[in-house]
Amino acid sequence: KEYRSDIEPTWCPGCGDFGVVTALTKAFSEEKLDPTAITMTSGIGCSSRLPLWMNAFGVHTAHGRALPAAVGIRLAKPETPTIVTAGDGDIFSIGMEHFPHTARKNFDITLVVMDNRMYALTKNQTSPTSRHGYKGSLNPYGNIEDPFNVIKFAIASGATFVAQSYSGNPKHLAETIQAAVEHKGFAFVNVLSPCPTFNKIDTFKYYKGRLIDINKELGHDPSDMKAALELASHVLDADNPELEDAEPFKGKRPIGIFYKVEKETFEERVAKLKEKFAPPSGEPDWDEILAKYRP
Ligand code: SF4
């Protein structure tokens, strides 16, 4: 309760994103985060309403701009736990240019993407993660594009924590988000999160019995980048009926931590620079200088 606001979510009944609110609440509670210190940013879309339901500082930014807003917060207040919640269209289309750069710079940000594989708020258009052949409101003959492999891209971009989970598995999701929050550096969790109102393909029913835990069932070690990239290259195999029995997932959707590595964060490098180039004694220090420009 400590981490929830008194505003009730306005999502449709059965929306997968409810599971993300529950998992975030559990993860914050396990991590004993101070709710008056957490900042959450989001963009535009159904999932981007999420900070409103939480007891935290929330910034509902412009479409696709949740990550740069979070970067600003990290630079101004590096002691603030910073969580970004977003949808697949928001982050991987409109805000796509921010993703690889925030990842490679290793800002200490947790990014949770609710991936329902289409744009829901604007009533069912294809997004970058929509299946080939998906029939949205603007392409009734089916999507002619192939979906974007976000897990492979995140690892290749330099993200230091990359995972996938499912909103219908509260335990796995809460544990994965908790591990992401604990991680020092850029942590990306892609959450398979059904939209029962519009997407009639990637449903809870579809995912039932079609998930495979790469850490528990396949023994994947997230510190092994080569193995992580190899697994990541098969993330979308289940979209293809011809790959139904193909290794390593045999037609299932992988969940778990693909990649995790310790690396100096951008904020730590800034702190080192500030120390190295500190103004001479008697002069105002960097924080005093910067304070002049803050509202
Ligand atoms: Fe959730 Fe879909 Fe409803 Fe949006 S339209 S609130 S994603 S179920």
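As the structure is a prediction and not an experimental result, all values here were calculated from the model.

Asks: Can you help me understand the overall build of the protein chain in this one?
Replies: Looking only at helices and strands, one finds 10 helices and 8 strands in the protein chain. The C-alpha atoms of the protein chain give a radius of gyration of 19 Å, which matches the 19 Å a tight globule of 295 residues would have. Principal-axis analysis of the C-alpha atoms places the extent of the protein chain at approximately 70 × 45 × 35 Å. For the protein chain, with 295 residues in total, the buried portion stands at 51%. For the protein chain, the share of sequence-separated contacts (at least 6 apart) that also reach a separation of at least 24 residues comes to 70%. Roughly 14400 Å² of accessible area belongs to the protein chain as shown, and the carbon and sulfur atoms make up 58% of that amount.

Asks: Explain the site of the ligand here, please?
Replies: Close to the ligand lie Trp-11, Cys-12, Cys-15, Cys-46, Asn-116, Ala-120, Cys-195, Pro-196, Thr-197 and Phe-198, which account for all nearby residues. A per-class count over the shell around the ligand returns 8 nonpolar, 2 polar and no charged.

Asks: Just to check I follow, could you spell out the domain arrangement of the protein chain for this structure?
Replies: Domain assignment breaks the protein chain into domain 1 (17-263) and domain 2 (266-295). With centres defined by C-alpha atoms, the gap from domain 1 to domain 2 works out at 34 Å. Across the contact, 10 residues belong to domain 1 and 6 residues belong to domain 2. At the boundary of domain 1 with domain 2, total buried surface from both sides reaches about 610 Å², with 51% on carbon and sulfur atoms. On inspection of domain 1 and its partner domain 2, the count reaches 2 salt bridges. With a shortest N-O distance of 2.5 Å, Arg-74 and Glu-267 are connected by a salt bridge. Counting across the interface, domain 1 meets domain 2 through 5 residue pairs in polar contact (both at pLDDT 80 or more).

Asks: How should I be thinking about unusual backbone geometry in this particular structure?
Replies: Both trends apply: most residues other than glycine have a negative phi, and most peptide bonds are in trans. Residues Glu-247 and Pro-248 are joined by a peptide bond in cis, for which omega reads 0°. Structurally, Pro-248 is set in the loop between α8 (225-232) and β8 (253-260). Phi at Lys-250 is positive, roughly 50°, even though this residue is not glycine. With respect to the element layout, Lys-250 can be found in the loop between α8 and β8.

Asks: Sorry, what's going on with the pattern of salt bridges here?
Replies: Two side chains that carry opposite charge are able to pair once their charged atoms sit near each other. Taken as a whole, this structure holds 16 salt bridges when the rule is applied. With a shortest N-O distance of 3.6 Å, Glu-30 and Lys-26 are connected by a salt bridge. Here Glu-30 and its partner Lys-26 are both found in helix α1 (residues 17-30), 4 residues apart, which amounts to about one turn of the helix. In this structure Lys-26 comes out as partly exposed when scored by relative accessible area, which is 45%. A salt bridge links Lys-250 to Glu-247; the nearest nitrogen and oxygen atoms lie 3.6 Å apart. Linked by salt bridges that have partners in common, Arg-117, Arg-131, Asp-202, Asp-239 and Arg-253 make up one network.

Asks: Honestly, α8 in this entry has me stumped. Any pointers?
Replies: In an α-helix, one turn spans 3.6 residues; hence positions three or four apart end up facing the same way. Along α8, the residues that are buried comprise Ala-228, Leu-231 and Ala-232. The buried residues of α8 all sit within an arc of 100° when viewed along its axis, so they share a single face. Of the surrounding elements, those touching the buried residues of α8 are α5 (150-157) and β8. At the N-terminal end of α8, a side-chain oxygen is found 3.2 Å from the backbone nitrogen of Lys-226, two or three residues along, and the residue is Asp-224.

Asks: Help me understand the nonpolar core, please; the structure alone is not making it clear to me.
Replies: The nonpolar side chains of a soluble globular protein tend to be buried with one another. Phe-99, Leu-111, Ile-151, Phe-186, Phe-188 and Phe-258 are the most contacted members of the largest nonpolar core, which has 32 residues in total. Secondary-structure elements contributing two or more residues to this core are α2 (66-76), β3 (82-87), α3 (88-94), α4 (98-105), β4 (110-115), α5, α8 and β8. Membership of the second largest hydrophobic core comes to 30 residues, among which are Val-21, Leu-173, Ala-174 and Ile-257.

Asks: It is not clear to me how the environment of Glu-97 should be interpreted in this structure. Could you clarify?
Replies: Locating Glu-97 in the fold gives a position in the loop between α3 and α4. Residue class for Glu-97 comes out partly exposed when judged on its relative accessible area of 42%. Considering only alpha carbons, one finds Glu-97 and Glu-288, 191 residues apart in sequence, at a separation of 32 Å. A polar contact of 3.1 Å, which involves the side chain of Glu-97, links it to the side chain of Arg-65.

Asks: Sorry if this is basic, but what is going on with the pairing of strand β1 (residues 39-42) here?
Replies: Looking along a regular strand, one sees the side chains alternate between the two faces of the sheet. Here β1 shows two buried faces, one formed by Thr-39 and Thr-41 and the other by Met-40 and Ser-42. The pairing of β1 with strand β2 (residues 57-60) spans 4 bridges and is parallel. Its bridge partner being in β2, Ser-42 is matched across the sheet by His-60. Bridge analysis of β1 against β3 gives 4 bridges, and the strand direction is parallel. Paired with Met-40 across the two strands is Ile-83, which belongs to β3.

Reading the values: rules and limits
- Residues numbered from 1 in each chain as written.
- Predicted model: local features only at pLDDT ≥ 70, side-chain atom pairs only at ≥ 80, totals over all residues.
- Heavy atoms only, no water.
- Helix = DSSP H or I, 4+ residues; strand = E, 2+ residues; numbered from the N terminus.
- Rg over C-alpha atoms; globule rule 2.2 N^0.38 Å.
- Buried < 20%, exposed > 50% of the residue type's maximum accessible area, 1.4 Å probe, protein only.
- Contact = heavy atoms within 4.5 Å.
- Areas by Shrake-Rupley, 256 points an atom, 1.4 Å probe, with all protein chains shown as cover.
- Near = heavy atom within 4 Å.
- Nonpolar A, V, L, I, M, F, W, Y, C, P; charged D, E, K, R; others polar.
- Domains from an automatic or database assignment.
- Buried area = accessible area lost by both parts, 1.4 Å probe.
- Salt bridge = Lys/Arg side-chain N within 4 Å of Asp/Glu carboxyl O.
- Polar contact = N/O pair within 3.5 Å; in protein donor to acceptor, adjacent residues only side chain to side chain.
- Arc of directions from axis to C-beta.
- Core = buried A, V, L, I, M, F, W, Y, C linked by side-chain atoms within 4.5 Å.
- Pairing = 2+ DSSP bridges.

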